[in-house]
Amino acid sequence: MKTHKIAVIAGDGIGPEVIDQGIRVLNEIAKLDGSFNFEFTHFPWGCEYYKETGKMMADDGIETLKGFDAIFLGAVGAPGVPDHISLWDLLLIIRKKFDQYINLRPVKLLKGAPTPLKDVAPEDIDMLFIRENSEGEYAGSGSWLFKGKPNEVVIQNGVFSRKGCERVIRYAYELAKAQGKTLTSISKGNALNYSMVFWDQIFEEVGKDYPEVKTYSYLVDAASMFMVKDPKRFEIVVTSNLFGDILTDLGAAIAGGMGLAAGANLNPEREFPSMFEPIHGSAPDIAGMNISNPMATFWSVSQMLDFFGYEKWGEKVLSCIEEMLVENKTLTPDLGGTAKTSEVGDRFIEKLCE
Ligand code: NAD
Ligand code: IPM
Ligand code: MN
């Protein structure tokens, strides 16, 4: 019996309720399969912890997490704690310390999922975003000079290293090659005359090793327009940290909403644990009401199963999500239903066992 050790950081707001359902699903799959199981260790880190201790996680938090095979994260952020503190001291620090430089975010319209776009079939929206997840606009480099004075100045640096750009772009080419798909790079070299010119150059350089991969390169403004007007032109997409953040919320909006959008933060070398999460936030507006959609978390469970090499189970989870969308009976309000978070979990488990 193979045991996978999972660190659970349920976090704030709707985080705990969606993660509870995700754990039920993982346990059920382990039971159905019989050859592996999961050992969950819960960490109480997040904004409540911060209010009690002044810290978002324990001092030895990163050291402790190193011993796990994966991290399962709900959401971080709560009114009363500044977002740049709560997110930097927990989510972003984990991504960076564990060199989770690949952020895989599927933007795929499942059958039965709502889209605000006209005349679009599920097969027209089927993209995989590869977001650079370790540096770029999120490098955390800058300064705040003359704070509070009339001559106050803030500087936020983008950091684009050759190593950082090459490794994410190469990962994207490898995936496009393996899957026989096109690869689109999204950047902004016309305005960001250092960082994005460099990014475009590296996209071309690395591309020389992949003559079989058909590529496109778009400016981020045009790409946003095309995602809405003609989403089928995108297959595999590679982009910077900030652009990937913004475009994948746009992607969520065209592919069923935040309640269906998942992301995997991968350290491909497996030197450190990878982290799996729904990409939505803590949704303070609906927290505690048991109406949050746990499907995005189920999708991240599917990504975790793929990562552990249980691709059949990963596919099964996706097809159960799709069946529930088509069935259109047990869905949360964001998808037009009246079901509670836990009822979606109940029905999902039934589906898994069918
Ligand atoms: P949000 O994703 O929390 O919410 C945006 C909207 O989507 C809200 O109306 C919310 O109700 C809805 N929504 C989100 N997830 C849903 C779900 N599973 N089911 C149904 N509806 C859902 O974004 P926000 O309001 O901009 O941010 C709230 C807090 O979360 C902030 O503190 C922010 O910094 C933080 N945040 C954290 C993460 C993370 O931990 N990964 C991601 C984004 C935002
Ligand atoms: C996401 C989130 C985070 C990000 C925030 C909460 C720091 O929006 O995972 O998409 O920008 O990466
Ligand atoms: Mn985001």
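Shown above is the structure to which this text applies.
Computed from a predicted model, the values in this text were never measured in an experiment.

1. Details of the layout of surface pockets
So, step 1. When its volume is computed, the largest pocket comes out at roughly 690 Å³.
So, step 2. L104, L128, Q179, Q303 and D306 are the residues nearest the centre of the largest pocket, which is lined by 26 residues in total.
So, step 3. When residues of the lining of the largest pocket are traced back to their parent elements, those giving at least two are β4 (102–108), β5 (126–132), α5 (162–179), β11 (262–266), α9 (295–307) and α10 (311–327).
So, step 4. In terms of residue count, the dominant contributor to the lining of the largest pocket is α9 (five residues).
So, step 5. Its residues assigned to classes, the lining of the largest pocket shows 14 nonpolar, four polar and eight charged.
So, step 6. Residue assignment places the lining of the largest pocket across two domains, with domain 1 (1–101 + 260–354) and domain 2 (115–255) each supplying three or more.
So, step 7. The calculated volume of the second largest pocket comes to roughly 420 Å³.
So, step 8. Forming the walls of the second largest pocket are 24 residues, and the residues nearest its centre are V76, L87, L91, I279 and G281.
So, step 9. Counting only elements with at least two residues in the lining of the second largest pocket, the list comes to β3 (70–75), α4 (83–97), α8 (241–254) and β12 (274–278).
So, step 10. If you tally residues by element for the lining of the second largest pocket, the top one is α4, at five residues.
So, step 11. Its residues assigned to classes, the lining of the second largest pocket comprises 12 nonpolar, five polar and seven charged.

2. Notes on the site of ligand 1
So, step 1. Neighbouring ligand 1 are 21 residues; V76, D83, G281, A283 and D285 lie closest to it.
So, step 2. Here V76 contributes a backbone N or O atom positioned 2.8 Å from an oxygen atom of ligand 1.
So, step 3. N293 is positioned with one of its backbone polar atoms (N or O) 2.9 Å from a nitrogen atom of ligand 1.
So, step 4. Expressed as a share of its isolated accessible area of 810 Å², the protein-covered part of ligand 1 is 70%.
So, step 5. Residues of the shell around ligand 1, tallied by class, amount to 10 nonpolar, seven polar and four charged.

3. Some remarks on the site of ligand 2
So, step 1. Around ligand 2, the structure places L87, L91, R95, R105, R131, Y138 and D245.
So, step 2. Take R105: an N or O atom from its side chain is 2.8 Å from an oxygen atom of ligand 2.
So, step 3. A distance of 2.5 Å is found between an oxygen atom of ligand 2 and a side-chain nitrogen or oxygen belonging to Y138.
So, step 4. According to the grid-proximity analysis, the pocket containing ligand 2 is the second largest pocket.
So, step 5. Ranked by the residues each element gives to the shell around ligand 2, the list is headed by α4, at three residues.
So, step 6. Three or more residues apiece are contributed to the shell around ligand 2 by two domains, here domain 1 (1–101 + 260–354) and domain 2 (115–255).

4. What to know about empty space enclosed by the protein
So, step 1. Following the criterion strictly, the structure yields one cavity of 30 Å³ or more and no others.
So, step 2. Of the voids in this model, the largest cavity is the one considered here, and its volume is about 80 Å³.
So, step 3. In this structure, the largest cavity is lined by 14 residues; those nearest its centre are P106, V107, A252, L260 and A261.
So, step 4. At the level of secondary structure, the elements contributing two or more residues to the lining of the largest cavity comprise β4 and α8.
So, step 5. The element best represented in the lining of the largest cavity is β4, accounting for four residues.
So, step 6. Its residues placed into classes, the lining of the largest cavity shows nine nonpolar, three polar and two charged.
So, step 7. Counting contributing residues per domain, the lining of the largest cavity is built from domain 1 (1–101 + 260–354) and domain 2 (115–255), each supplying no fewer than three.

Calculation rules
- Here the residue numbering is sequential within each chain, running from 1 through the sequence in written order.
- As they are written, the chains are lettered A onward and the ligands numbered 1 onward, keeping that order.
- Thresholds applied to this predicted model are a pLDDT of at least 70 for local features of residues and 80 or more for the giving and counting of side-chain atom pairs; totals over whole chains, interfaces and linings are not thresholded and use all residues.
- With hydrogens and water set aside, each side-chain value is computed from the structure's full complement of heavy atoms.
- Within this scheme a cavity is a closed region of a 1 Å grid, computed over the protein atoms alone, that accommodates a 1.4 Å probe without allowing it to escape, whereas a pocket is open but has protein on both sides within 12 Å along at least five of seven lines; lining residues each have an atom within 4 Å of a point.
- Grid points are joined across faces, edges and corners, and a volume is the space filled by probe spheres set on the points.
- In DSSP terms, a helix is any run of H or I states spanning at least four residues, a strand is any run of E spanning at least two, and both are numbered starting from the N terminus.
- Gly is placed with the polar residues, together with every amino acid not listed as nonpolar (Ala, Val, Leu, Ile, Met, Phe, Trp, Tyr, Cys and Pro) or charged (Asp, Glu, Lys and Arg).
- An automatic or database domain assignment is the source of the domain bounds shown.
- Nearness is defined per residue: one heavy atom within 4 Å of the molecule or strand is enough.
- A 3.5 Å cut-off defines polar contacts: any pair of N or O atoms within that distance qualifies, except that in protein one atom must be a possible hydrogen donor and the other a possible acceptor, and neighbouring residues in sequence count only when both atoms are side-chain atoms.
- The accessible surface values rely on the Shrake-Rupley method and a 1.4 Å probe; as for residues, cover is taken only from the protein chains in view.
- A molecule is said to be in a cavity or pocket once over half of its atoms fall within 2 Å of that pocket's grid points.

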